[in-house]
2 protein chains.
Amino acid sequence: MTGDIWVIGGGVIGSLFAAHLSRVAEVTLLCRRPEHAAAVAEHGLRVSGRADFVGRPRASVDPAGLAETGLVIVATKANDVEAAAARLEGRLGDATVMTVQNGLGAEEVVRRYGSWPQLSAVTFMSGTKLADDHVEYVLDTPTWIAPYEDAPFATAAETASLIVEAGLKAEAMPDLKPARWSKLIFNATVNSVAALTGLPHDHHFAELDRPSDLGHLVRGLMDEGKRIASAAGISLREDPWEMNVLATQRGSRHYPSMLEDVEAQRPTEVDFITGALVREAERRGVEAPLMAAVYGLIKGREASYL
Amino acid sequence: MTGDIWVIGGGVIGSLFAAHLSRVAEVTLLCRRPEHAAAVAEHGLRVSGRADFVGRPRASVDPAGLAETGLVIVATKANDVEAAAARLEGRLGDATVMTVQNGLGAEEVVRRYGSWPQLSAVTFMSGTKLADDHVEYVLDTPTWIAPYEDAPFATAAETASLIVEAGLKAEAMPDLKPARWSKLIFNATVNSVAALTGLPHDHHFAELDRPSDLGHLVRGLMDEGKRIASAAGISLREDPWEMNVLATQRGSRHYPSMLEDVEAQRPTEVDFITGALVREAERRGVEAPLMAAVYGLIKGREASYL
């Protein structure tokens, strides 16, 4: 990799990457809104919580300069990957493009716009956007990175090293599927149930005492996810139900992004998360009635306000 | 039947009964809030929409006088039947008690408080409460009335006649189960899906074009309901899916009460509607994973605000 790094998308994940990486590389944060870029250019990008510093990435709404970059991190919401990839088309030199979206499908979308080497990533870190120039770093869990198609493993390893040097957790691995699918099943379930109930990811998600307790549905959804993964030939890295029990025992009360989306009446990422699993189930001939049910309910919820 | 009529509960259904019946009988509306009783006593009870008049029931928060009544209509929400029945205990003479709640179980609750002759009713009429003393009459669909346990059919027939004379639609029948279960399955599905999605009962509920369309879930829930009814030995009076298609084609966009309840962050009637079906399924050994899923989600939604 040569040159500087561009991060596309200044949400929680993009902001955490841009601020941290600006301590070890030249970083440009490509924003959608001019006032967002102006705030970061003027004040820097403050990180609080797990770390405490002000990063100094460049910030812009103008993609000019992308030709010189060595690494692009596409950190938009899944719904916006298509637009981000379209901005890269014809502009990138021999840069590597890393996608880090929830769910499935971001790599394929980017590939349609160019033949760059690509990295697949899935991140477990989380935070809260407090302002355009301030992100709270909440969970310092790692980002896992693997080559997509025939990209060299060395690129994944170098990128992970750079991210670790910048103060975040990262790990390169030859195959992302076992980790990604564990997170996908976890996310499809926890995000959907949170969005439909209004509950943060709390103790209700693991309760099994009474027949109407929510843990039964959560476990049923995860069991369907595991059957879909198995039919797709994936060995999960972690058991999603154990991830769920552990997280709720720790008392995190994490506010899943899909719940934030429906409360703010924004489009959700459900098509890329729960929807991706439902489509995979159909392709593999696996029955997934509960997953299809919560998918339909979230689409209905979106229809109520979109 | 002798004496006057008492209506307990001044919601939409109670107000419609009290206002209409006050044109053909002495009616007392027993309210929970003194200001509600005062408003009706002062201004009368206005009905607009399908009818247009001001009814003149007496209104009170005091159950004294119940001893003289011939008919009590318990028109509270399902959650409040227990409290209403407790107020009747030791007060009623030889009155007949008619329950008209959504779902199952109201008759059994009332029976625990006295050995009065009882009528089972299910009503399809609907409206909107515009003020304590004003109800909009929206759907002029009938109320069906049948004897409960060994009450004489003649009492059901007389009551239906009186209601018809008052300007509402009503029909007496020897066995309410086929009608009640049709409505139960319809309600358990439509109310739950509306409460979870935020959609009124509109065209989305019958759409089947795309795999994520809501009609698939609606039909799946109703299919489970029909299997439960069948295992319970009930022949449905109407097919709930056809009721759903017909209602949405008519473009009613009805706002189901459970959706109103979750939006106002009130307890819902889910335990008496969807929950009643889930318990019946367990009792009969019928698989009902979708019904259990939406039941668990609504209970989770309640837990998020109660």
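Everything numeric in this text was worked out from a predicted model, so none of it was measured.

1. A few points about the nonpolar core
Inference 1: Trp181 and Leu297 of chain A together with Trp181 and Leu297 of chain B are the most contacted members of the largest nonpolar core, which has 100 residues in total.
Inference 2: Every residue in contact with tryptophan 181 of chain B, bar those within four places of it in the chain, is listed here: Leu104, Ile228, Ala229, Ala232, Ile234, Leu236, Leu277 and Glu280 of chain B.
Inference 3: Val7, Val27, Leu71 and Ala156 of chain B belong to the second largest nonpolar core, which has 36 residues in total.

2. Quick look at the sheet that holds strand β3 (residues 45-49) of chain B
Residues and elements named next belong to chain B.
Inference 1: With mixed pairing, the four strands of this open sheet are ordered in space as β4-β3-β10-β9. One side of each edge strand has no neighbouring strand; the edge strands of this open sheet are β4 (53-55) and β9 (126-131). Neighbour-to-neighbour, the strand axes of this sheet turn through a mean angle of 30 degrees, independent of strand direction.
Inference 2: Sheet analysis places β9 next to strand β10 (residues 134-139), joined by five bridges and oriented antiparallel. If you follow lysine 129 over to β10, its bridge partner there is valine 135.

3. Re the relation of the copies chain B and chain A
Inference 1: Superposition record for chain B on chain A: RMSD 0.1 Å, screw rotation 179 degrees, translation along axis 0.0 Å. Both chain copies can therefore be described as sitting about a two-fold axis. If distances are taken from each C-alpha of chain B to the rotation axis, the shortest is found for leucine 196 of chain B, at 2.9 Å.
Inference 2: Same-surface contact between copies: 100% of interface residues of chain B are shared with the interface of chain A.

4. A look at the interface of chain B and chain A
Inference 1: The interface of chain B with chain A comprises 23 residues on the first partner and 23 residues on the second.
Inference 2: Across the chain B to chain A interface the summed buried area is about 1800 Å²; carbon plus sulfur atoms make up 74%.
Inference 3: Three residues, Thr197, Ser212 and Leu297 of chain B, lead the burial of chain B against chain A; their summed loss comes to 28% of the area buried on that side.
Inference 4: Inspection of the region where chain B meets chain A yields zero salt bridges.
Inference 5: Summed over the shared surface of chain B and chain A, the result is two residue pairs in polar contact (both at pLDDT 80 or more).

5. A few points about the sheet that holds strand β3 (residues 45-49) of chain A
Residue and element names in this part refer to chain A.
Inference 1: With respect to topology, four strands assemble into an open sheet ordered β4-β3-β10-β9, the strand pairing being mixed. This sheet does not close on itself; its edge strands, each paired only once, are β4 (53-55) and β9 (126-131). Averaged over all neighbouring strand pairs, the angle between strand axes comes to 30 degrees, with direction disregarded.
Inference 2: The pairing of β3 with strand β10 (residues 134-139) spans four bridges and is classified as parallel. Among the inter-strand pairings, glycine 49 is bridged to a residue of β10, identified as tyrosine 137.

Rules used throughout
Residues numbered from 1 in each chain as written. Chains lettered and ligands numbered in written order. Predicted model: local features only at pLDDT ≥ 70, side-chain atom pairs only at ≥ 80, totals over all residues. Heavy atoms only, no water. Core = buried A, V, L, I, M, F, W, Y, C linked by side-chain atoms within 4.5 Å. Buried < 20%, exposed > 50% of the residue type's maximum accessible area, 1.4 Å probe, protein only. Contact = heavy atoms within 4.5 Å. Pairing = 2+ DSSP bridges. Helix = DSSP H or I, 4+ residues; strand = E, 2+ residues; numbered from the N terminus. Axes fitted to C-alpha atoms, helices over the stretch in contact; angles between N-to-C directions. Least-squares fit on C-alpha atoms with pLDDT ≥ 70 in both. Buried area = accessible area lost by both parts, 1.4 Å probe. Salt bridge = Lys/Arg side-chain N within 4 Å of Asp/Glu carboxyl O. Polar contact = N/O pair within 3.5 Å; in protein donor to acceptor, adjacent residues only side chain to side chain.

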